[in-house]
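Chain by chain, the residues:
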Amino acid sequence: MPHKATLTDAVIETAHEVKHLEQDAELARLRAEVATLRGRYKAALGQIDRERERADAIAGLKGIEGKPPASKASKGKRHPATMVVLLSDIHCEEVVRPETVNGLNAFDLEVCEARLGELSERFFALLEHERHLCRIDRVCVWLGGDLISGMIHPELAEENALHPLAALRWIGERLRGFIDAVADNAREVLVVTSCGNHGRTTEKLRTNEADTSYEHHLYVTMAAAEKRKNVRWQIGEGHLNYVDLDGFAIRFMHGHAVRYQGGIGGIHVPLNKAIAAWDSTRRADLTCLGHWHQFSWSRSGRYVTNGSVIGPSAYSVRIKASYEPPCQAAFVVDHHRREVTRAYPVFCDRDLRGKT
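Criteria and cut-off values
- Residues numbered from 1 in each chain as written.
- Predicted model: local features only at pLDDT ≥ 70, side-chain atom pairs only at ≥ 80, totals over all residues.
- Heavy atoms only, no water.
- 1 Å grid on protein atoms, 1.4 Å probe; cavity = no way out; pocket = protein on both sides within 12 Å on 5 of 7 lines; lining within 4 Å.
- Points joined across faces, edges and corners; volume = space filled by probe spheres on them.
- Nonpolar A, V, L, I, M, F, W, Y, C, P; charged D, E, K, R; others polar.
- Phe/Tyr/Trp six-rings, centres within 6.5 Å; stacked < 30°, edge-to-face > 60°.
- Lys NZ or Arg CZ within 6 Å of the ring centre and 35° of its normal.
- Helix = DSSP H or I, 4+ residues; strand = E, 2+ residues; numbered from the N terminus.
- Polar contact = N/O pair within 3.5 Å; in protein donor to acceptor, adjacent residues only side chain to side chain.
- Contact = heavy atoms within 4.5 Å.
- Salt bridge = Lys/Arg side-chain N within 4 Å of Asp/Glu carboxyl O.
- Buried < 20%, exposed > 50% of the residue type's maximum accessible area, 1.4 Å probe, protein only.
- Pairing = 2+ DSSP bridges.

J.: Account for empty space enclosed by the protein, naming residues and giving values.
T.: Within the structure shown, the criterion is met by two cavities of 30 Å³ or more. In this structure, the largest cavity encloses a volume near 60 Å³. Lining the largest cavity are Ser-194, Cys-195, Glu-209, Ala-210, Gly-236, Glu-237, Gly-238, His-239 and His-254. Taken together, the residues of the lining of the largest cavity sort by class into two nonpolar, five polar and two charged.

Structure representation (structure tokens):
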């Protein structure tokens, strides 16, 4: 009997312990739930305070009234500036067949005509836009060479649409029309020229570039026949043609004297070296060139390089040149700041973009 009583007492005691454990567990659960609710309550109070502060801030803005700018630019106070447009590397009579450039381009006289028209359209739109920001009375037009491809390579002699003299007359008529249009839209027009490496009369390049250049002959002829009183020509007789725009010096050249053999840094490394060398004898604030068929503007390097109208060709594919859409360049020289404040690629590739 004592043994049976001891067993019963143990069972009862175990039951009490289980009950106490269940109560402790329930108590712990309730405490955790209370803690969670307190956290939510505290967060809700914080959100209410933030919303009240936001509402007070919004209400405080109701009394704010508009105030005009401290100063308003007037037309008479706009900085004087010169707009410069670069025209080079047109290669007007050269023919590019799509199958020779993986379908990236097609070029002939008809396409060239269309691209020159688009170029003119876009340039005058840019000129109008820039006149909202500065006073542009003068436009500088650079005729930078390689306007024709000539026959310096056998394949050009075989495939060009026109012989050099005929090509010269063709492009001369289009340039005359563009210069006349610029003269109608500017008080002063300065036409600056450089000879390219393609439009030469000799098999190899010579140091007397102007004397052996079809393009130089075109420039001299057009300047002699100039009828517009507001158009002045500055024809380059040497490789470098320096122009002073109210104290801002620009060095113009076609660009074939800059030696670039490919590699890291592109044309920019040899170009910076060339500029430093030329600056040692006569400094320029800016250097402009074409030849390499790529647009770029370096504010720190002080140069603008021009693109091309012809675009990619079989030659550019063979030398592994990167794709560059047909474009030329334009930029603004602010005479108050004495620097180039904006430079544009003036695209003329509408025919390659589905006429959009």
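J.: Help me get a handle on the packing of aromatic side chains, residues and values and all.
T.: Within the structure shown, the criterion is met by four aromatic pairs. Each residue in the set Phe-123, Phe-124 and Phe-178 is aromatic and connected to the rest through ring pairs, giving one cluster. The ring of Tyr-242 has Arg-282 lying over it, and the distance from NZ or CZ to the ring centre is 4.2 Å.

J.: How would you explain the side chain of His-335 if you had to name every residue and give the values?
T.: Looking at the element boundaries, His-335 is found in the loop between β10 (327-334) and β11 (339-347). Polar side-chain contacts of His-335 include one of 2.7 Å to the side chain of Thr-82. Excluding its chain neighbours within four sequence positions, the residues that come into contact with His-335 are Pro-80, Ala-81, Thr-82, Arg-138, Leu-245 and Asp-246.

J.: Describe the pattern of salt bridges, and please don't skip the residues or the numbers.
T.: As a working rule, side chains carrying opposite charge can pair if their charged atoms are close by. Across all of its chains, the model carries 27 salt bridges by this definition. Of the charged contacts in the structure, one is a salt bridge between Arg-97 and Glu-159, with a shortest N-O distance of 3.7 Å. Of this pair, Arg-97 sits in the loop between β1 (80-87) and α2 (109-130) while Glu-159 sits in helix α3 (residues 154-159), and the two are 62 residues apart along the sequence. You can call Arg-97 partly exposed: its relative accessible area is 37%. Measuring nitrogen to oxygen at the nearest pair gives 2.9 Å for the salt bridge that ties Arg-138 to Asp-246. Residue Arg-138 is located in strand β2 (residues 135-143), and its partner Asp-246 is located in the loop between β5 (241-245) and β6 (248-252); the two are separated by 108 residues in the primary sequence. Given the relative accessible area of 11%, Arg-138 is considered buried.

J.: Lay out the pairing of strand β7 (residues 286-289) in plain terms, naming residues and giving numbers.
T.: Of the two faces of β7, both are covered, the one formed by Leu-286 and Cys-288 as well as the one formed by Thr-287 and Leu-289. Relative to β7, β6 runs parallel, the two being bridged by three bridges. Opposite Phe-252, over in β7, you have Cys-288 as the bridge partner.

J.: Give a description of the layout of surface pockets that names residues and reports values.
T.: Of the voids in this model, the largest pocket is the one considered here, and its volume is about 1,400 Å³. Residue lining of the largest pocket: 46 residues in total, with His-293, Ser-313, Tyr-315, Ser-316 and Ile-319 positioned closest to the centre. At the level of elements, α3 and α7 (314-318) are the ones that each hand at least two residues to the lining of the largest pocket. By residue number, the principal contributor to the lining of the largest pocket is α7, which donates five residues. The residue makeup of the lining of the largest pocket, split by class, is 18 nonpolar, 18 polar and 10 charged. Taken together, 15 residues make up the lining of the second largest pocket; nearest its centre are Arg-169, Gly-172, Leu-218, Thr-221 and Met-222. Secondary structure elements with two or more residues in the lining of the second largest pocket: α4 (164-184) and α5 (214-224). If you tally residues by element for the lining of the second largest pocket, the top one is α4, at seven residues. Among the residues making up the lining of the second largest pocket, the classes are represented as five nonpolar, three polar and seven charged.

J.: If you had to explain unusual backbone geometry to someone new, which residues and values would you point to?
T.: The backbone of Asp-89 sits at a positive phi, close to 55 degrees, despite the residue not being glycine. Structurally, the position occupied by Asp-89 is in the loop between β1 and α2. When its relative accessible area of 0% is taken as the criterion, Asp-89 is described as buried. A positive phi is found at His-91, a non-glycine position, where the angle reads about 50 degrees. Here His-91 is to be found in the loop between β1 and α2. For His-91, a relative accessible area of 3% corresponds to the buried category.

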